[in-house]
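Chain by chain, the residues run as shown.
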Amino acid sequence: MPIHVNNFMGRLGWTLRKRMPRLSSALYLRLQFLTRGGGQRAYTEWFLAQTPAPQPNVVNIETINRCNSTCAFCTANVNAEKRPLRRIDEGLYRSIIDQLADWGYRGHLTLYGNNEPWLDRRIVEFHRYAREKLPDSFIFMSTNGLLLDVAKVDAIKPYVNQLIINNYCTDMRLHPNVEEIRRHVLAHPDDYAGIDILVQMRYLGEVLTNRAGSAPNKGARSRPLRETCLLPFTDMWIMPNGRLGLCCCDNFETTDMADLSKTPLREAWESPALADARRRIAEGRQNYPFCRQCDFIDAGFRMQLVRAILRGDQEGAHRIGGEEKKLGS
């Protein structure tokens, strides 16, 4: 089936997230740290033992730093946004994609960050260029779907492996335009055989992670987590100002590992600044100031990626979808 709708834990999960948001978040995150902590540590140890640093598993390029939703957990929502408006320079974007191609990159790519990608009018052309240069990469788009229609799905489908529509709402119903897309795809399955479309039912007001203390509806931890984090090891995080940041939890664009308009992409990924951050974070978040109050843990496909890599299945890792889990982002 080219389209499917996911509601994590069904109606029970929805009710818990809506009626007891802090409790459900706390219990879920505790479970994730208990079950995934060992895998995270194993991957960070493996990564640090490699010379040079292994390629990222996911390259995230935020082409515009704006969103059009009101999600309570995100600083990019229209009521909480504080960043100066920026769009990535088109020449720099093409240079980044070219450098990934020259590097032989075959991992995951998403032109998405703390934003809504369809607010960038260049987004289809950007995807076209990425697919042309990176034919073997798994390219996925994550969108809140508010601007989406059948025409946009048809425009983007030649260039992405997966389209994730996060249907943020308060009533556990698909937005009318998303329902129209669902019906259209189901009525024309052969037209969408080459793309996986995942619709995720998301509660608009839920409590997730605290995003390094920046989440509007969840404060920083009083005590730092003495756990590592996958993101500096798995993800290359590129902001629209042309800087390589630490991770997706940098909602305010404060971390700066390199200026990609001046520093080659691979050199930035292997830079002393990022290498030092990884070494310190590997020993516990308390060792790195930006991460001290963060409780983020990726509960989705990154763990599948690193497990595949640790068992030597690099080809399998390339084929894993970018599906997100309910409380993982």
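These figures come from a predicted structure and were not determined experimentally.

**Focus on unusual backbone geometry**
For step 1, the next point in the chain: Backbone torsion omega between Thr51 and Pro52 reads -5°, so that peptide bond is classified as cis.
For step 2, the next point in the chain: With respect to the element layout, Pro52 can be found in the loop between helix H2 (21-48) and strand E2 (58-61).
For step 3, the next point in the chain: The backbone of Met9 sits at a positive phi, close to 65°, despite the residue not being glycine.
For step 4, the next point in the chain: Looking at the secondary structure, you find Met9 in the loop between strand E1 (3-6) and helix H1 (10-19).

**Considering the pattern of salt bridges**
For step 1, the next point in the chain: As enumerated under the stated definition, the model contains 24 salt bridges in all.
For step 2, the next point in the chain: The salt bridge partner of Arg41 is Glu227, with a shortest N-O separation of 3.3 Å. In this pair, Arg41 sits in helix H2 while Glu227 sits in the loop between strand E6 (196-203) and helix H7 (231-234), placing the two residues 186 residues apart along the sequence.
For step 3, the next point in the chain: As a salt-bridge pair, Glu270 and Arg266 come within 3.1 Å of each other at their nearest N and O atoms.
For step 4, the next point in the chain: Because the salt bridges share partners, they merge into one network encompassing Glu62, Arg66, Glu81, Arg83, Arg86 and Glu253.

**Quick word on the packing of aromatic side chains**
For step 1, the next point in the chain: With the rule as written, the count across this model stands at 10 aromatic pairs.
For step 2, the next point in the chain: Between Phe8 and Tyr28, the aromatic rings sit 5.4 Å apart at their centres with planes inclined by 90°, giving edge-to-face as the arrangement. Of this pair, Phe8 sits in the loop between E1 and H1 while Tyr28 sits in helix H2, and the two are 20 residues apart along the sequence.
For step 3, the next point in the chain: What makes Phe8 partly exposed here is its relative accessible area of 22%.
For step 4, the next point in the chain: Looking at Tyr28, the relative accessible area reads 11%, which means it is buried.
For step 5, the next point in the chain: Arranged with centres 6.4 Å apart and planes meeting at 80°, the rings of Phe47 and Trp269 form a pair that is edge-to-face. Of this pair, Phe47 sits in helix H2 while Trp269 sits in helix H8 (residues 265-269), and the two are 222 residues apart along the sequence. Judged on exposure class, the residue Phe47 and its partner Trp269 are both buried.
For step 6, the next point in the chain: One aromatic cluster in this structure is built from Tyr43, Trp46, Phe47, Phe233 and Trp269.
For step 7, the next point in the chain: Just above the ring of Tyr129 sits the side chain of Arg94; from NZ or CZ to the centre is 4.5 Å.

Conventions and cut-offs
Residues numbered from 1 in each chain as written. Predicted model: local features only at pLDDT ≥ 70, side-chain atom pairs only at ≥ 80, totals over all residues. Heavy atoms only, no water. Helix = DSSP H or I, 4+ residues; strand = E, 2+ residues; numbered from the N terminus. Salt bridge = Lys/Arg side-chain N within 4 Å of Asp/Glu carboxyl O. Phe/Tyr/Trp six-rings, centres within 6.5 Å; stacked < 30°, edge-to-face > 60°. Buried < 20%, exposed > 50% of the residue type's maximum accessible area, 1.4 Å probe, protein only. Lys NZ or Arg CZ within 6 Å of the ring centre and 35° of its normal.

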